[in-house]
Amino acid sequence: MIRILTVIGARPQIIKAAAIHRVIKEKYKGKMEEVILHTGQHYDDNMSDFFFKELGLSPAKINLAVGSGNHGKQTALMIQGIEEALLSLKPDAILVYGDTNSTVAAALAGSKLHVPIIHVEAGLRSFDKAMPEEINRIMTDHSSTLLFSPTQTGVDNLVKEGFDLNRNAHNANNPGVYHVGDVMYDNSIYYANIADDKSTILEDWSLAKNEFILATVHRDNNTDSVERLLAIVNAFDKITKDRNIKIVWPIHPRTSNLLKKESYQSVKSVLDNNDNLLLIPPASFFDIIVLEKNAKMILTDSGGVQKEAYFFNKPCVILRPHTEWVELVASGHAILCDANFDKIIDGVEQLLSKDLEGFPPVFGNAHAAEDICRIIYETLA
Ligand code: UD1
């Protein structure tokens, strides 16, 4: 029996882990055992526990409860806890997702103990090392044994960094790179109809199909600067007024905590004076899927939400200067507008004035998790 230690900590990782968890439970009974460790990076119910229940994930066997804090301390506490778990559980491999502090902590703890690291969502690059996520991705990829890239661009990036595609018998000195598609696409397809049945979000907020815009803003470089957040919110304010449309914004705790500060008063007053700017609590996965499917368009700085916009054929204004999901921009259905008032207004105009057709299937065939599990099993068995 192969034992995998899955390390998750942030909300999107719980969602990504659900796809592989499903496949292990359904197809690898008696062959692979998955033990879940939650670092506690996200701890609010509506950022964590709720997703475990909604997506049918087994409860975490270990929760390190590290909570929020400076990145160094947060990551260090995670490394310490993960190392202890590795020593007592002795897994055959450690499975990590994406690019958060929880990801890099697990990669560092695993590599010190020579436990093979499996990185799902490998190879993505924004080429901006000021983003904490960029450092986390690079360090995790370069300590991994199995690297699963959702896109061809991700594979190409890894080759440019010296990874060799023609190796087998994988170990830390001989890593394997695979282009498998995106587990988030698996999930969006798997849950799209289930979410329609279960979610009441449209009724709860009196939203009509195609008559609202969905927005999310949580990146530290957008939220930690009052000027940038104000530029974004001013653009949202203008869009609701010019187009007489609601903007629905499920608000990340990072952003809502900042809005309580005196220094964010200017942002708060724009929000308080516009009834069409609808701030709602963090949405569940089913709720966000339903919001994405029914929105007229999406404005976001989230990596996951910009892709889900594409999965559901919605135009997207990306509130960042660059993206690691370059396929979205290349398709013409997403535009990079940063936190720039004029660019956001112009981006919305451009996207809404053209007919949308042809969202090429660049994220796989919705069976990424099955391919990943098969390769893990073949490699480790
Ligand atoms: C983290 C990831 C980011 C990912 C995001 C998804 C890193 C460096 N960043 O960012 O890549 O896109 O998760 O959501 O790992 N907070 C709460 N309750 C919670 C969690 C957070 O109130 O359950 C608040 C705290 O004020 C905290 C802040 O949010 O300080 C930031 O949380 P943190 O986990 O450090 O980063 P995220 O912004 O969530």
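Let us look at the structure shown here. Values in this document were obtained by computation on a predicted structure and should not be read as measured data.

1. A closer look at the overall build of the protein
- Within the protein, the regular secondary structure consists of 17 helices and 13 strands.
- Taken along its principal axes, the extent of the C-alpha atoms in the protein is 60 × 45 × 40 Å.
- Each of the 381 residues in the protein was classed as buried or not, and the buried ones make up 57%.
- Long-range contacts, defined as pairs at least 24 residues apart, comprise 73% of the intrachain contacts of the protein with a sequence gap of at least 6.
- Here the protein has roughly 15800 Å² of accessible surface; of this, 49% comes from carbon and sulfur atoms.

2. Considering the site of the ligand
- Lining the immediate environment of the ligand, one finds 20 residues, of which His42, Tyr43, Asn101, Glu133 and Arg254 sit closest.
- Here an oxygen atom of the ligand sits 3.0 Å away from a polar atom, N or O, in the side chain of His252.
- Bound to the protein, the ligand loses 89% of the 750 Å² it would expose on its own.
- Among the elements of the structure, α3 (71-89) and α11 (253-259) are those that each provide at least two residues to the shell around the ligand.

3. Topic: the sheet that holds strand β11 (residues 297-300)
- Here we have six strands laid out as an open sheet, ordered β10-β9-β8-β11-β12-β13, and parallel in their pairing. Taken across any chain shown, the strands that pair with only one partner, and hence form the sheet edges, are β10 (277-280) and β13 (334-336). Recorded for the sheet is a direction-independent mean angle of 20 degrees between the axes of neighbouring strands.
- Most of the contacts of helix α10 (residues 226-243) go to strand β9 (residues 246-250), to which it runs at about 145 degrees, and overall it touches β8 (212-216), β9, β10 and β11.
- Relative to the sheet, helix α16 (residues 341-352) contacts β11, β12 (316-318) and β13, its axis offset from that of β12 by approximately 155 degrees.

4. A few points about the nonpolar core
- Judged by nonpolar contacts, the single largest core of 68 residues is most densely connected at Ile20, Phe148 and Phe285.
- By residue number, the principal contributor to this core is helix α1 (residues 11-27), which donates eight residues.
- Those residues in contact with Phe285 that sit more than four places away from it in its chain are Ile15, Phe51, Glu54, Leu55, Asn187, Tyr191 and Glu308.
- If you look at the next biggest cluster of nonpolar residues, it comprises 31 residues, including Val226, Trp249, Leu259 and Ile335.

5. So, the packing of helix α7 (residues 183-198) against helix α14 (residues 303-311)
- Between α7 and α14, the least distance of the axes is 10 Å, while the angle of their chain directions is 55 degrees. In terms of axis orientation, α7 runs oblique to α14. At the point where α7 passes α14, the crossing takes the right-handed sense. Residue-level inspection shows Met184, Tyr185 and Ser188 of α7 in contact with α14, the latter providing Gly304, Lys307, Glu308 and Phe311.
- Taken together, the residues of the contact of α7 with α14 break down into three nonpolar, two polar and two charged.

6. Topic: the pairing of strand β7 (residues 176-179)
- When strand β6 (residues 146-149) meets β7, the two strands line up parallel, connected through four bridges. Residue pairing across strands places Leu146 opposite Gly176, the latter belonging to β7.
- Remark: the β6/helix α6 (residues 152-160)/β7 crossover connection has right-handed handedness.

7. Some points on the sheet that holds strand β2 (residues 32-38)
- If you walk across this open sheet you meet the seven strands as β3-β2-β1-β4-β5-β6-β7, and the pairing is parallel. Two strands close off the open sheet at either side, each with one partner strand: β3 (62-63) and β7.
- Two strands pair when backbone bridges link them, and β2 and β3 are joined in this way by two bridges, in the parallel orientation. When the bridges of β3 are listed, Leu37 appears paired with Ile62.

8. Some points on the pairing of β6
- Residues Leu146 and Phe148 of β6 are buried on one face, and the alternating residues Leu147 and Ser149, pointing to the opposite face, are buried as well.
- Alignment of strand β5 (residues 117-120) against β6, held across three bridges, turns out to be parallel. Bridging from a neighbouring strand, His119 pairs with Leu147 of β6.
- This β-α-β element, β5 to helix α5 (residues 132-141) to β6, shows right-handed connectivity.

9. A few points about α16
- For α16, built from twelve residues, the straight-helix expectation of 16 Å at 1.5 Å per residue is met to within 8% by its first-to-last C-alpha distance of 17 Å.
- Taken together, the buried positions of α16 are occupied by Ile344, Gly347, Val348 and Leu351. Angularly, the buried residues of α16 cover 95 degrees about the axis, an arc narrow enough to put them on a single face.
- Looking at the packing, one finds that the buried side of α16 touches α10, β11, β12 and β13.
- The backbone nitrogen of Asp342 has a side-chain oxygen 3.0 Å away, supplied by the residue at the start of α16, namely Asn340.

10. Brief notes about unusual backbone geometry
- Unusually for a residue other than glycine, Lys90 sits at a positive phi of about 45 degrees.
- Locating Lys90 in the fold gives a position in the loop between α3 and β4 (93-97).

11. Looking at the packing of aromatic side chains
- Per the stated rule, a full pass over the model turns up eleven aromatic pairs.
- With centroids separated by 4.9 Å and ring planes inclined at 55 degrees, the aromatic side chains of Tyr185 and Phe311 adopt a geometry described as tilted. On the criterion of sequence distance, the pair formed by Tyr185 in helix α7 and Phe311 in helix α14 is long-range, its members being 126 residues apart. For the pair Tyr185 and Phe311, one class covers both residues: buried.
- When the ring of Phe236 is compared with that of Trp249, the centres are 5.6 Å apart and the planes differ by 80 degrees; the resulting orientation is edge-to-face. You can see Phe236 sitting in helix α10 and its partner Trp249 sitting in strand β9, a full 13 residues away along the chain.
- Residue Phe236 is classed as buried on the basis of its relative accessible area of 0%.
- Through successive ring pairs, a cluster of aromatic residues spans Tyr185, Tyr310, Phe311, Trp325, Phe359 and Phe363.
- Between Arg22 and the ring centre of Tyr190, over which it is positioned, the NZ or CZ distance is 3.8 Å.

Basis of the calculations
- Residues numbered from 1 in each chain as written.
- Predicted model: local features only at pLDDT ≥ 70, side-chain atom pairs only at ≥ 80, totals over all residues.
- Heavy atoms only, no water.
- Helix = DSSP H or I, 4+ residues; strand = E, 2+ residues; numbered from the N terminus.
- Buried < 20%, exposed > 50% of the residue type's maximum accessible area, 1.4 Å probe, protein only.
- Contact = heavy atoms within 4.5 Å.
- Areas by Shrake-Rupley, 256 points an atom, 1.4 Å probe, with all protein chains shown as cover.
- Near = heavy atom within 4 Å.
- Polar contact = N/O pair within 3.5 Å; in protein donor to acceptor, adjacent residues only side chain to side chain.
- Pairing = 2+ DSSP bridges.
- Axes fitted to C-alpha atoms, helices over the stretch in contact; angles between N-to-C directions.
- Core = buried A, V, L, I, M, F, W, Y, C linked by side-chain atoms within 4.5 Å.
- Parallel < 35°, antiparallel > 145°, perpendicular 65-115°, else oblique.
- Left-handed = near helix turned anticlockwise from the far one by under 90°.
- Nonpolar A, V, L, I, M, F, W, Y, C, P; charged D, E, K, R; others polar.
- Right-handed = clockwise from strand over helix to strand, strands pointing away.
- Expected span 1.5 Å × (residues − 1).
- Arc of directions from axis to C-beta.
- Phe/Tyr/Trp six-rings, centres within 6.5 Å; stacked < 30°, edge-to-face > 60°.
- Lys NZ or Arg CZ within 6 Å of the ring centre and 35° of its normal.

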